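Per-entry structural report
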Amino acid sequence: MTRSRVQRRPLLRPVPLAAAATIAALLGTGVVAAPATAATATGTSAATTASRPVTDPAASVDPFIGTSHDGNTWPGATAPFGMMQWSPTGTAGDQTSTPVANGYSYDVNRLRGLSLTHLNGAGCAPGAAGDVPIMPVTTAVTTSPSADTTDVVYAAGYSHDQESASPGRYGVQLDNGVRTDLAVTTRAGIGEFAFPAGKAANLLFRTSNSINGSEDATTSVDPRTRTVSGSVLTGGFCSRRANGGGATNPDRRSYYRLFFTATFDRAFSSTGTWKDDTVQPGGTRVSGGEGYLTGADRAGRGSGAWVGFDARRGATVHARIGISYVSAAGAVANRDGEVREHATVASVAAATRASWNRELSRIRVGGGTADRTTQLYTSVYHALMQPNTLNDRDGRYLGPDMRVHRIDRGHRAVYGTYSGWDQYRAQIQLLALLRPDVAGDMAQSMLRFAQQNGGVWDRWLHLGAPTHVMTGDPSAATLATWYAMGVRNFDVRAAYQSLRHQATVQNADALSDIGCPGQCLAQRPGLDQYLQRQYAANDDCHCWGGAAETLEDSISDSALGYWASSLGLRSDARMFSARGDYWENTFNPAVGYQAARQADGSWTPDWSPATGVGFAQGTSAQYTWLVPQDVQGLSSALGGDAAAVARLDTFFHDASGAFAVTGGDATKFDPTNEPDIHTPWMYNALGQPWKTQETVRQVVDDAYGTGAGGLPGNDDLGTMSAWYVFASIGLYPQTPGRAEMLIGSPTFSTVDIRRASGQRIVIRSSGTDPYVQGARLGGRTLTQSWVPSSFVNRGGLLSLRVGATPDTTWATAPEDRPQDR
């Protein structure tokens with residue numbers, strides 16, 4: 001969701017001997033010579049990386065990419081799929097809000113705490129999480145930090161010159177003189193706070209001050225054991241969204257409690273607590289929440305505690321911290337099991353960096369520019385921040401029913417946080433490509449969450465809890481895609497039957513308008529009427545845009561049809577395949593666009609290509625292309641391939657013929673949001689794949705970059721980053737529910753993918769020029785602009801010959817185009 005603007009053990013499949021032999025023969029040691037010259041991205045370094053694949057990809061990650069320009073990423077310390085994300089929460093002078101969705105903005109140089117949890121893109125400000133900000137201050141605590149409503153007294157400025165970040169580690173020198181260095185494991189972390197001499201040395205635990213506020217919070221200080229512990233009962237996902245229903249927003253509620261425990265290596269010289277505007281020096285226990293409102297309705301409320309240290313000669317203090325969504329004991333066990341008593345920031349950071357290198361090395365590239373290498377590995381890093389581990393080390397986890405459950409036997413982790421509407425278009429495919437075992441554990445987790453949520457698969461999960469955000473039924477498309485891509489380590493039949501039930505039997509909330517638009521309570525809203533009309537009526541859909549709901553459900557139903565066919569369920573396959581064509585019922589042939597339609601069959605009045613009526617975070621012009629499951633059918637509706645290509649050309653170009661791929665025009669391609677991010681690849685199915693190659697490269701060059709503004713829009717739990725990864729390796733998922741990949745042109749001469757399930761996928765290019773002029777798959781000439789599912793599920797070698805000029809004959813014949821059925 002973009003910021004509002006208008007496990008059993010994995011099934012291992014070794015690379016077939018023939019494929020392995022081909023790869024070995026053509027690659028030898030895996031080193032491919034870089035071309036003599038390389039194409040240079042606009043605004044990027046011309047220097048190429050060494051011809052051999054990158055061996056320390058973590059060194060190429062820049063966590064600051066995407067921290068401004070609405071990217072909504074953050075630079076703090078986190079592990080792959082981590083539970084803890086220790087990163088700054090910034091302030092622009094309002095303690096009840098944050099500058100951007102997740103608290104950190106590169107353009108704001110003042111912070112009020114270092115919080116233990118974050119989301120990589122939430123699409124609203126404030127978004128969610130940001131739990132337990134911990135703030136080092138060098139002033140005496142004489143007034144309540146909660147009463148410091150404009151963050152004047154207990155916040156601090158900093159300079160980016162005094163800030164550093166790398167995978168698993170974050171550090172900053174504050175203007176108050178405190179140097180902070182943080183490192184984390186999956187569920188725990190260690191922090192070093194170096195206080196200057198001659199000043200007060202206090203650490204504030206602002207326990208109630210989660211990004212969205214809190215219902216309740218408790219904090220306890222035990223000077224004998226040098227421990228601070230507590231919990232915050234919170235939630236409130238995007239609870240202030242104007243299009244989330246205002247006071248009726250269904251997410252203005254608590255849906256998790258985070259427990260924390262911090263133990264220190266130095267004795268406390270003082271303690272204290274506060275609640276609202278009352279300060280209790282020497283206090284050791286306090287409770288009190290803030291509520292979920294903002295501004296004057298919340299200002300001055302909250303509770304927390306502080307501990308002080310003797311810093312007459314300076315003081316360097318170390319804190320080991322564990323968190324849990326289950327219990328205080330779980331937080332202790334997570335802390336002590338993952339950060340040993342004598343651990344250091346350096347030792348923890350080194351271990352987590354090694355974990356990141358293992359994950360990042362699943363894609364090994366060579367022969368690209370230094371900047372593109374940085375962009376690629378930062379994108380993989382962002383994409384693999386989630387899903388997030390939810391279970392404690394003992395296997396227990398918090399379900400959406402606010403009850404504690406235990407992980408299923410044979411699974412390694414319970415994972416949560418799923419931005420379905422965004423992720424099903426790119427991030428979930430990248431996850432399945434690199435870590436099918438994690439995808440399977442996530443599928444099993446989502447099945448259990450649905451069972452604990454009355455059988456409902458929610459569109460957007462924070463942790464395991466439903467938030468109801470966006471449209472469609474992305475879980476169906478997600479699990480069908482994972483199955484197609486070889487993911488098997490989940491209860492396949494139970495998951496399919498549960499999703500089938502959701503798609504065929506109207507649920508209790510189907511006719512509810514609570515939370516609409518934006519966070520409509522109903523999943524598969526108004527299902528009986530939808531199936532009767534074969535479209536979602538804009539005036540009677542209980543959804544966020546009837547046309548959008550129809551298009552999204554058509555994709556998910558098509559995906560369920562593919563899945564049913566793979567399971568041998570022929571009747572289901574026919575039913576869902578037919579429902580995958582319902583998009584035709586919101587296509588208005590009189591105007592040649594998708595449009596909102598009323599319950600009586602008429603078209604919603606005052607239509608224009610730029611209208612957002614009937615759509616969700618997009619326009620008629622952008623949503624018209626949201627038919628990846630039936631490109632041939634869409635082409636026919638638009639007047640044939642030539643007419644469809646002409647329409648696509650105008651979609652990506654301005655009136656002068658220049659590329660317009662950076663967003664800002666409601667009638668053009670928008671790289672900042674998800675509904676049309678697949679469209680540059682649609683030329684393949686229309687018989688002009690060189691335009692895919694050209695357009696994708698232009699988006700890579702114009703919309704993405706290095707530096708804080710390097711993402712075109714909200715990362716949406718790694719979706720925009722995953723898109724960049726696919727563009728960089730020259731492949732893109734063809735259709736949800738299938739494993740075929742569309743071919744583009746890589747920005748590296750060597751791409752070597754090692755799936756966790758054992759397959760090896762290699763893409764070898766003669767250079768980094770943008771146009772494909774010939775291809776071979778497994779040593780045989782390839783005339784198609786796509787690779788089959790076997791390439792993903794068995795591995796193999798794709799060799800591309802590229803050049804600086806388009807080849808207008810390669811992969812243009814009808815039989816060489818991607819097929820929809």
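Further up the page is the structure itself.
Residues numbered from 1 in each chain as written. Predicted model: local features only at pLDDT ≥ 70, side-chain atom pairs only at ≥ 80, totals over all residues. Heavy atoms only, no water.

**Observations concerning helix α17 (residues 719-729)**
The following threshold applies: Each residue is placed in one exposure class: buried if its accessible area under a 1.4 Å probe, protein chains only, is under 20% of its type's maximum, exposed if it is over 50%, and partly exposed if it falls in between. Comment: elements are numbered from the N terminus, with helices defined as DSSP H or I runs of at least four residues and strands as E runs of at least two.
Most of α17 is tucked away: 11 of the 11 residues are buried. Among the residues of α17, those classed as buried are Thr719, Met720, Ser721, Ala722, Trp723, Tyr724, Val725, Phe726, Ala727, Ser728 and Ile729. One or two residues past the end of α17 sits glycine 730, with phi positive at roughly 80°.

**Observations regarding the pairing of strand β6 (residues 169-174)**
Selection rule: The rule for pairing is simple: two strands pair if DSSP sees at least two bridges between them.
In terms of strand pairing, strand β5 (residues 156-166) meets β6 through 5 bridges, oriented antiparallel. Bridging from a neighbouring strand, serine 164 pairs with glycine 171 of β6. Between β5 and β6, which follow one another and run antiparallel, lie 2 residues, and glycine 168 among them has a positive phi close to 95°. Taken together, the 5 bridges between β6 and strand β7 (residues 179-184) define a ladder with antiparallel strand orientation. Each residue of the ladder has a partner; that of valine 172, found in β7, is threonine 180.

**Some points on the pattern of salt bridges**
Which entries qualify depends on this criterion: Between Lys or Arg on one side and Asp or Glu on the other, a salt bridge is scored when a side-chain nitrogen of the former is within 4 Å of a carboxyl oxygen of the latter.
Tallying each qualifying case throughout the model produces 29 salt bridges. The salt bridge partner of arginine 533 is aspartate 540, with a shortest N-O separation of 3.1 Å. Judged by relative accessible area, arginine 533 falls into the partly exposed class, the value being 24%. Since its relative accessible area comes to 26%, aspartate 540 is described here as partly exposed. A salt bridge links aspartate 557 to arginine 579; the nearest nitrogen and oxygen atoms lie 3.0 Å apart. Taken together, the positions of aspartate 557 in helix α11 (residues 546-566) and arginine 579 in helix α12 (residues 570-579) put the pair 22 residues apart, joining distant regions of the chain. Linked through salt bridges whose partners overlap, the residues forming this network are Glu359, Arg362, Arg412, Arg435 and Asp437.

**Some words on the nonpolar core**
Selection rule: The nonpolar core is taken to be a set of buried Ala, Val, Leu, Ile, Met, Phe, Trp, Tyr and Cys residues, with the residues joined through side-chain atoms within 4.5 Å. Contacts were defined at the residue level, with two residues in contact if any of their heavy atoms lie within 4.5 Å.
Judged by nonpolar contacts, the single largest core of 198 residues is most densely connected at Phe264, Trp482 and Trp563. Discounting chain neighbours no more than four positions away, the residues touching tryptophan 482 are Ile428, Leu431, Ala432, Ala439, Met442, Ala443, Met446 and Val487.

**A look at the side chain of threonine 96**
The line we're drawing: Polar contacts, as counted here, are pairs of nitrogen or oxygen atoms within 3.5 Å of one another; within protein the pair requires one atom able to donate a hydrogen and one able to accept it, and residues that are adjacent in sequence qualify only if both atoms are side-chain atoms.
When you line up the elements, threonine 96 lands in the loop between β2 (85-90) and β3 (110-115). A distance of 2.7 Å separates polar atoms of two side chains, one belonging to threonine 96 and the other to aspartate 94. From its side chain, threonine 96 meets the backbone nitrogen of glycine 295 in a polar contact 2.9 Å long.

**Re the sheet that holds strand β24 (residues 460-462)**
Sheet architecture is open: 3 strands sit in the order β23-β24-β25, paired in antiparallel fashion. The open sheet terminates on both sides in strands that have one partner only, identified here as β23 (418-419) and β25 (465-466). Note: β24 against β25, 2 bridges, orientation antiparallel. In the sheet register, histidine 462 faces β25, and the bridge partner there is alanine 465.

**Some remarks on the sheet that holds strand β28 (residues 731-733)**
Whether parallel or antiparallel, the strands of a sheet pair through hydrogen bonds between backbone atoms. Selection rule: The axes used here are C-alpha line fits, helices contributing only the stretch in contact, and every angle between their N-to-C directions lies in the interval 0 to 180 degrees.
In spatial order, the strands read β28-β29-β34; together these 3 strands make up an open sheet with antiparallel pairing. Strand pairing shows two members of the sheet lacking a second neighbour, β28 and β34 (786-787), which therefore form its edges. Pairing of β28 with strand β29 (residues 741-743), which is carried by 3 bridges, proceeds in the antiparallel orientation. Bridging from a neighbouring strand, tyrosine 732 pairs with leucine 742 of β29. Relative to β28, α17 is tilted by about 135°, and along the sheet it contacts β28 and β29.

**Notes on the environment of alanine 559**
When you line up the elements, alanine 559 lands in helix α11. A sequence separation of 79 residues divides alanine 559 from alanine 480, and the C-alpha atoms of the two residues are 5.8 Å apart. Residue contacts for alanine 559: discarding those within four places in its chain leaves Ala476, Ala477, Ala480, Pro736 and Gly737.

**Focus on the pairing of strand β31 (residues 760-765)**
Remember that side chains alternate between the two faces of the sheet whenever the strand is regular. Note that strand β30 (residues 750-754) and β31 share 5 bridges and pair antiparallel. Each bridged residue has a counterpart across the sheet, and for isoleucine 753 the counterpart in β31 is isoleucine 761. Where β30 folds back onto β31 in an antiparallel hairpin, the turn is made up of 5 residues, including glycine 758, whose phi is positive at roughly 110°. Summarising the sheet, β31 and strand β35 (residues 796-803) pair through 5 bridges and their orientation is parallel. Within β35, the position partnered with isoleucine 763 by the bridge is leucine 798.

**Details of the packing of helix α4 (residues 370-383) against α17**
Note the threshold: Geometric relationships in this document are graded by angle, where less than 35 degrees denotes roughly parallel, more than 145 denotes roughly antiparallel, 65 to 115 denotes roughly perpendicular, and other angles denote oblique. Should the near helix be turned anticlockwise from the far one by less than a right angle, the crossing is termed left-handed; should it be turned clockwise, right-handed. The residue classification treats Ala, Val, Leu, Ile, Met, Phe, Trp, Tyr, Cys and Pro as nonpolar and Asp, Glu, Lys and Arg as charged. All others, Gly included, are polar.
Look at α4 against α17: their axes get within 8 Å of each other, and the N-to-C directions meet at 135°. Judged by the angle between their axes, α4 and α17 are oblique. The element α4 and its partner α17 pack so that their crossing is left-handed. Contacts between α4 and α17 pair Arg372, Gln375, Leu376, Ser379, Val380, His382 and Ala383 from the former with Ser721, Ala722, Tyr724, Val725 and Ser728 from the latter. Taken together, the residues of the contact of α4 with α17 break down into 6 nonpolar, 5 polar and 1 charged.

**With respect to the state of the cysteines**
The condition that has to hold: The criterion for a disulfide is a pair of cysteine sulfur atoms lying within 2.5 Å.
Tallied over the full model, the rule gives 3 disulfides. Between the sulfur of cysteine 124 and that of cysteine 238 lies a disulfide, 1.8 Å long from S to S. What sets the handedness of the cysteine 124 and cysteine 238 disulfide is the S-S torsion sign, and at about -75° it is left-handed. Placement of cysteine 124 in the loop between β3 and β4 (134-137) and of cysteine 238 in the loop between β11 (227-235) and β12 (254-264) is noted, with a sequence separation of 114 residues between them. According to the relative accessible area criterion, cysteine 238 is buried, its value standing at 1%. Each disulfide pairs two cysteine sulfurs, and for cysteine 541 the partner residue is cysteine 543, the sulfurs being separated by 2.1 Å.

**Looking at the packing of α11 against α12**
In contact at an axis separation of 7 Å, α11 and α12 are set at 160° when each is read in the N-to-C sense. In terms of their interaxial angle, α11 and α12 are classed as roughly antiparallel. Regarding α11 and α12, the two cross each other, and that crossing is left-handed. When α11 is examined against α12, the residues Ser554, Asp557, Ser558, Leu560, Gly561, Ala564 and Ser565 are found in contact with a partner set consisting of Asp572, Ala573, Phe576, Ser577 and Arg579. Its residues assigned to classes, the contact of α11 with α12 shows 4 nonpolar, 5 polar and 3 charged.

**Some details on the packing of aromatic side chains**
The geometry of two aromatic rings is summed up by the distance between their centres and the angle between their planes. Cut-off, in case you're wondering: Here is the rule: rings of Phe, Tyr and Trp (six-membered ring for Trp) pair when centre to centre is within 6.5 Å. Planes less than 30 degrees apart are stacked, more than 60 are edge-to-face, and the remainder are tilted. Whether a charge sits over a ring comes down to the Lys NZ or Arg CZ being within 6 Å of the ring centre and within 35 degrees of the ring normal.
If you walk through the whole model with that rule in mind, you get 29 aromatic pairs. Against the face of tryptophan 603 rests arginine 597, its NZ or CZ located 5.0 Å from the ring centre. Here the basic side chain of arginine 647 rests over the ring of tyrosine 593, its NZ or CZ set 4.2 Å away from the ring centre.

**Section: the environment of valine 645**
Relative to the helices and strands, valine 645 resides in helix α15 (residues 641-652). A relative accessible area of 4% places valine 645 in the buried class. When neighbours within four sequence positions are excluded, valine 645 is seen to be in contact with Tyr683, Leu686, Gln688 and Lys691.

**Considerations on α11**
We apply this condition: To estimate the expected span of a helix, count its residues, drop one, and scale the result by 1.5 Å.
The first and last C-alpha atoms of α11 sit 30 Å apart over 21 residues, in line with the 30 Å expected at 1.5 Å per residue. Most of α11 sits out of view: 19 of its 21 residues are buried. Looking one or two residues past α11, glycine 568 carries a phi angle of roughly 80°, positive in sign.

**So, unusual backbone geometry**
Note that the residue after glutamine 386, namely proline 387, is joined by a cis bond; omega there is 10°. Inspection of the secondary structure puts proline 387 in the loop between α4 and β19 (388-389). Residue proline 517 follows cysteine 516 across a cis peptide bond; omega there is -10°. Structurally, proline 517 can be placed in the loop between α9 (492-504) and α10 (527-533). Here alanine 129, not a glycine, exhibits a phi torsion of approximately 65°, which is positive.

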